[in-house]
Amino acid sequence: RLLPLKPHPRSTLKLLKDMHAEPSRSFFVGDSDVDILTGQTAGMHTIGVTWGFRSREELAGLKPDLLADQPEEITAYIREVTGRLSG
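All values reported here derive from a predicted model rather than from experimental measurement.

(A) Quick look at the pattern of salt bridges. Applying the stated criterion across every chain yields a total of six salt bridges. Here Asp 35 and Lys 6 are joined by a salt bridge, their closest N and O atoms 2.7 Å apart. Note that Asp 35 is positioned in helix α2 (residues 33-41) and Lys 6 in the segment before α1 (10-18), a separation of 29 residues in sequence. The buried category is assigned to Asp 35, whose relative accessible area is 8%. Given the relative accessible area of 40%, Lys 6 is considered partly exposed. Close ionic contact of Glu 80 with Arg 84 constitutes a salt bridge, the shortest N to O distance being 3.1 Å. Residue Glu 80 and its partner Arg 84 are both found in helix α4 (residues 71-86); the two are separated by four residues, about one turn of the helix.

Laid out in structure tokens, this is it:
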């Protein structure tokens, strides 16, 4: 059975369910508007990366939870958020 394409959240939510993961405790990392919108519609934390498909300005306009210029920013943000969720 075919699933709708991103940014529709159905395929992402199915994957999370299959992995026994909660959207509110998960992260969608991407380099495009479609990636950010997919994560947002799925109820996930969103991280836009500036070294990919879209410009920094375009990604910033979508208001991801983090706009990363370096990979290290992603791991630091995930550690920060998961620490808050655990505490």
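Don't stop here, the text continues.
(B) Highlighting unusual backbone geometry. Along the chain, Lys 6 connects to Pro 7 via a cis peptide bond; the corresponding omega equals 10°. Among the secondary structure elements, Pro 7 is positioned in the segment before α1. For His 20, which is not a glycine, the phi torsion comes out positive at approximately 55°. As for its placement among the helices and strands, His 20 is situated in the loop between α1 and β1 (27-30). On the basis of relative accessible area, His 20 is assigned to the exposed category, the value being 75%. Notably, Lys 63 is not glycine yet its phi reads approximately 55°, a positive angle. Summarising the element assignment, Lys 63 is placed in the loop between α3 (56-61) and β3 (66-68). The class for Lys 63 is exposed, based on a relative accessible area of 66%.

Scoring rules and cut-offs
Residues numbered from 1 in each chain as written. Predicted model: local features only at pLDDT ≥ 70, side-chain atom pairs only at ≥ 80, totals over all residues. Heavy atoms only, no water. Salt bridge = Lys/Arg side-chain N within 4 Å of Asp/Glu carboxyl O. Helix = DSSP H or I, 4+ residues; strand = E, 2+ residues; numbered from the N terminus. Buried < 20%, exposed > 50% of the residue type's maximum accessible area, 1.4 Å probe, protein only.

The quantities given are spatial measurements derived from coordinates; they are silent on function.
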